[in-house]
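What follows is each chain in one-letter form.
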Amino acid sequence: MPEDHLNPPVFEISKFSQDVSLAKTPYFYNDNGNPAYLAELPEGVTPLVPAATNPLIAIGREYVVSEVIGVKQTPPYGVETQLGFVAGKAAYEPLWATRDVAAAFGITLVEKGQGVRLSSPVERLSQVEYEYGVFAGHWSPYQNTGNRLLSVVCTDLEHHDFPHVFASTDPRFPLVISVGRYWPKLNKIRLADLWVPQGAALYIPPKPALPDQECVDLHNNRNSARACWGDIVHDAILTHTLLQTSGGFFYWYWNARDTAHSRPF
């Protein structure tokens, strides 16, 4: 055994990045499990209609939001909102990312051979191949704990005015994306982990901050490697993400209480 330390865990590694011009290639196409960006979809492929946000749909475990503890401006990156929950621990409901389940959080499931036209206020985005480790969610940017690996995982969700594509491209494991739907006026939030089958992808359109929103759709991908838990050989997954790598403005919602995550099977 090492006398004073173990091997450092994989957190998040950016392995490869490519530019994507939505002016030239506005369509995302799931090419047999491989993310592709095209000027036109292949012949015979009809674009999916992106899921609309319907505030009446409520999926996932519900928690009472007792208060907004504080709002912190963090220019130029975004705004942090700390929520108080009436719960000892927030358990995220594990759900397979079917079309209806994804749509309940304003997300479109894109399966093999399907495509969707992307919308974005910025023309140039990046597709990045990431490696995420199982401990990536065990870091908190909010609680003055620096770069320590923590024994708990807090609720950390976001939305922003640029699109995301989360592609489940690991050859061994599905991708896990944590999501939430928050109703500010009703003081409630629904939380879930979406397990994205291998070869499928999720499209999250731009979600800017709008006045008097009935509900706010939120997501986070730091728990991407949740499916690795229990595997003694593999502790990380590969995934491809479309995002704005610089200049984006984020809206973070977080809660300090410990969270629980489990499998949908």
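What comes next is a walk through the structure. Keep in mind the model is a prediction, meaning the values are calculated, not measured. Counting restarts for each chain, with residues numbered from 1 along the sequence as it is written. Owing to the predicted nature of the model, reporting of local features is limited to residues with pLDDT of at least 70; listing and counting of side-chain atom pairs is limited to 80 or more, with chain, interface and lining totals taken over all residues. Excluding hydrogens and water, the side-chain values take into account all heavy atoms of the structure.

### Regarding the overall build of the protein
Part 1 of the reasoning: What counts as a helix is a DSSP run of H or I of at least four residues, what counts as a strand is a run of E of at least two, and both are numbered from the N terminus. A count of helices and strands for the protein gives 1 helix and 19 strands.
Part 2 of the reasoning: As a reference, a globule follows 2.2 Å times the number of residues to the power 0.38, and the radius of gyration itself is taken over C-alpha atoms. In terms of overall dimensions, the protein is globule-like: its C-alpha atoms have a radius of gyration of 18 Å, near the 18 Å expected for 265 residues.
Part 3 of the reasoning: Dimensions of the protein, computed from C-alpha atoms along their principal axes, come out at roughly 55 × 55 × 40 Å.
Part 4 of the reasoning: Exposure is judged per residue with a 1.4 Å probe applied to protein chains only, and the accessible area is read against the type maximum: over 50% gives exposed, under 20% gives buried, and values in between give partly exposed. Considering the protein as a whole, with its 265 residues, one finds that 51% of them fall into the buried category.
Part 5 of the reasoning: When contacts within the protein are restricted to residue pairs at least 6 apart in sequence, those whose partners lie at least 24 apart make up 79%. In what follows, a contact means two residues having at least one pair of non-hydrogen atoms within 4.5 Å.

### Looking at the environment of Ala39
Part 1 of the reasoning: By the element assignment, Ala39 lies in the loop between strand 3 (34-38) and strand 4 (61-74).
Part 2 of the reasoning: Ala39 has contacts with Lys24, Thr25, Pro26 and Tyr27, leaving out every residue within four places of it along the chain.

### Some thoughts on the layout of surface pockets
Part 1 of the reasoning: Taken as a whole, the largest pocket holds about 650 Å³ of empty space.
Part 2 of the reasoning: Here a cavity is any set of points on a 1 Å grid over the protein atoms alone where a 1.4 Å probe fits but cannot get out, and a pocket is any open set with protein on both sides within 12 Å along at least 5 of 7 lines; a residue lines the site when it has an atom within 4 Å of a point. What lines the largest pocket is a set of 27 residues, among which Glu12, Glu158, Leu243, Phe250 and Trp252 lie closest to the centre.
Part 3 of the reasoning: Listed by contribution, the elements that provide at least two residues to the lining of the largest pocket are strand 10 (124-133), strand 11 (155-160), strand 12 (164-167), strand 17 (236-243) and strand 18 (250-255).
Part 4 of the reasoning: A per-class count over the lining of the largest pocket returns 13 nonpolar, 9 polar and 5 charged. Grid points are joined across faces, edges and corners, and a volume is the space filled by probe spheres set on the points. Here the term charged refers only to Asp, Glu, Lys and Arg, the term nonpolar to Ala, Val, Leu, Ile, Met, Phe, Trp, Tyr, Cys and Pro, and the term polar to all other amino acids, Gly among them.

### Some points on the environment of Pro55
Part 1 of the reasoning: Following the sequence through the fold, Pro55 ends up in the loop between strand 3 and strand 4.
Part 2 of the reasoning: The partly exposed category is assigned to Pro55, whose relative accessible area is 25%.

### Re the packing of aromatic side chains
Part 1 of the reasoning: Two aromatic rings from Phe, Tyr or Trp, using only the six-membered ring of Trp, form a pair when their centres are within 6.5 Å; if the ring planes differ by under 30 degrees the pair is stacked, by over 60 it is edge-to-face, and anything between is tilted. Per the stated rule, a full pass over the model turns up 13 aromatic pairs.
Part 2 of the reasoning: Ring centres of Phe11 and Trp139 lie 5.9 Å apart, and the angle between their planes is 85 degrees; this geometry places the pair in the edge-to-face category. Linking Phe11 in the segment before strand 1 (12-21) with Trp139 in the loop between strand 10 and strand 11, this pair joins segments that are 128 residues apart in sequence.
Part 3 of the reasoning: Residue Phe11 is classed as partly exposed on the basis of its relative accessible area, which comes to 32%.
Part 4 of the reasoning: Using a relative accessible area of 25% as the deciding quantity, one classes Trp139 as partly exposed.
Part 5 of the reasoning: Ring geometry for Trp96 against Trp195: centres 6.1 Å apart, planes inclined by 70 degrees, an arrangement best described as edge-to-face. Residue Trp96 is located in strand 7 (residues 93-96), and its partner Trp195 is located in strand 14 (residues 188-196); the two are separated by 99 residues in the primary sequence.
Part 6 of the reasoning: In this structure Trp195 comes out as buried when scored by relative accessible area, which is 0%.
Part 7 of the reasoning: Only when the NZ atom of a Lys or the CZ atom of an Arg is both within 6 Å of the ring centre and within 35 degrees of the ring normal do we say a charge sits over the ring. Over the aromatic face of Trp183 sits the side chain of Lys188, whose NZ or CZ is 4.9 Å from the ring centroid.

### What to know about unusual backbone geometry
Part 1 of the reasoning: Of the consecutive residues Pro75 and Pro76, the connecting peptide bond is found in the cis state with omega at 0 degrees.
Part 2 of the reasoning: Phi at Asn187 takes a positive value of approximately 55 degrees, unusual for a residue other than glycine.
Part 3 of the reasoning: As for its position among the elements, Asn187 is in the loop between strand 13 (175-183) and strand 14.
Part 4 of the reasoning: Given a relative accessible area of 40%, Asn187 falls into the partly exposed group.

### Description of the sheet that holds strand 3
Part 1 of the reasoning: When DSSP locates at least two bridges between a pair of strands, those strands are taken to pair. Within the open sheet, the 3 strands sit side by side as 3-2-9. Their pairing is antiparallel. Looking along the sheet, the strands with just one partner apiece sit at the ends: strand 3 and strand 9 (115-117). Ignoring which end each strand starts from, the neighbouring axes of this sheet average 20 degrees apart.
Part 2 of the reasoning: Sheet analysis places strand 2 (residues 27-31) next to strand 9, joined by 3 bridges and oriented antiparallel. Note that in strand 9 the partner of Tyr27 across the bridge is Arg117. Angles run from 0 to 180 degrees between N-to-C directions of axes, and those axes are lines fitted to C-alpha atoms, restricted for helices to the stretch in contact.

### As for the sheet that holds strand 17
Part 1 of the reasoning: One open sheet accounts for 6 strands, arranged 1-10-17-12-15-8; its pairing is antiparallel. Two strands bound the open sheet, and with one partner strand each, they are strand 1 and strand 8 (108-110). The sheet shows a mean angle of 20 degrees between the axes of neighbouring strands, direction not considered.
Part 2 of the reasoning: Across 3 bridges, strand 12 lies against strand 17 in antiparallel orientation.

The values reported here are purely geometric and, on their own, carry no functional implication.
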